[in-house]
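Topology and contacts: notes
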Amino acid sequence: MSQSTIGPATVVTTTALTTISYPKSRLSFYAVGRFWLFIVTSAGVLFTSSLDGISWATPTNVSSATTATTSTYLAVFYEKYSNKVYYAVIDSTGATRKLYFRKGTPQSAGTISWDAAEQTVESIGDYSTYILGVGATPAGIPCILYARDTGVGASVSVKVGKSSATAGTWV
């Protein structure tokens, strides 16, 4: 039996190494017969998918956080039993920084049917804030774990935000 290898495939090209660094959460998953990958570029949060892990679809922009340029500002969670994907991202520009959330259903055609428009969780001002993770309770209620530099010495506060809704909205 002969062995064959398949070389690595280029998914996306970017000048920001931080797009894939700081692995605070997994940005990829396998669902509905496809590989899925979320990335952050200067164009915003993008996702792409592939049937074979070699040929990838053109990335789709999914977030209004168009200035996030590092993966420290993005977390993705896939829940296989409900086939739901959740993401949280921080728009990382100046005093207009905001924490956003979105939830949707990956489709076998390589699209995602979003439950609702992207939701603003919180305006975070000029604090240095980093996403540590996003997830959901067994009932499907989304939660976001994030850290914020309090601006007082080396003090950092870790926060957990939990929505009171399961319908893809943050309330």
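Residues numbered from 1 in each chain as written. Predicted model: local features only at pLDDT ≥ 70, side-chain atom pairs only at ≥ 80, totals over all residues. Heavy atoms only, no water.

Take the sheet that holds strand E4 (residues 60-61) next. Taken in spatial order, the four strands line up as E1-E2-E3-E4 in an open sheet, and their pairing is antiparallel. Two strands lie at the open edges of the sheet, namely strand E1 (28-31) and E4, each paired on one side alone. Pairing of E1 with strand E2 (residues 34-41) involves four bridges; the strand directions are antiparallel. If you follow Phe29 over to E2, its bridge partner there is Trp36. (Pairing = 2+ DSSP bridges. Helix = DSSP H or I, 4+ residues; strand = E, 2+ residues; numbered from the N terminus.)

All chains considered together, the criterion is met by 10 aromatic pairs. Considering the side-chain rings of Phe29 and Trp36, the 6.0 Å spacing of their centres and the 10 degrees angle between planes classify their relative orientation as stacked. The burial state of Phe29 is the same as that of Trp36; both residues are buried. Look at Phe38 and Phe47: their rings are 5.8 Å apart centre to centre, the planes differ by 35 degrees, and that puts the pair in the tilted class. Under the relative-accessibility criterion, Phe38 is labelled buried at 0%. What makes Phe47 buried here is its relative accessible area of 5%. (Phe/Tyr/Trp six-rings, centres within 6.5 Å; stacked < 30°, edge-to-face > 60°. Buried < 20%, exposed > 50% of the residue type's maximum accessible area, 1.4 Å probe, protein only.)

A word on a nonpolar patch on the surface. A contiguous nonpolar patch, built from Leu145, Val158 and Val160 and spanning about 270 Å² of accessible area, is present on the exposed surface. With respect to the helices and strands, the residue Val160 is situated in strand E12 (residues 156-162). Owing to a relative accessible area of 61%, Val160 belongs among the exposed residues under this scheme. (Patch = residues over 30% accessible without salt bridge, like charges linked within 9 Å, V, L, I, M, F, W, Y side chains within 5 Å. Areas by Shrake-Rupley, 256 points an atom, 1.4 Å probe, with all protein chains shown as cover. Salt bridge = Lys/Arg side-chain N within 4 Å of Asp/Glu carboxyl O.)

In short, shape yes, function no, at least from these values alone.
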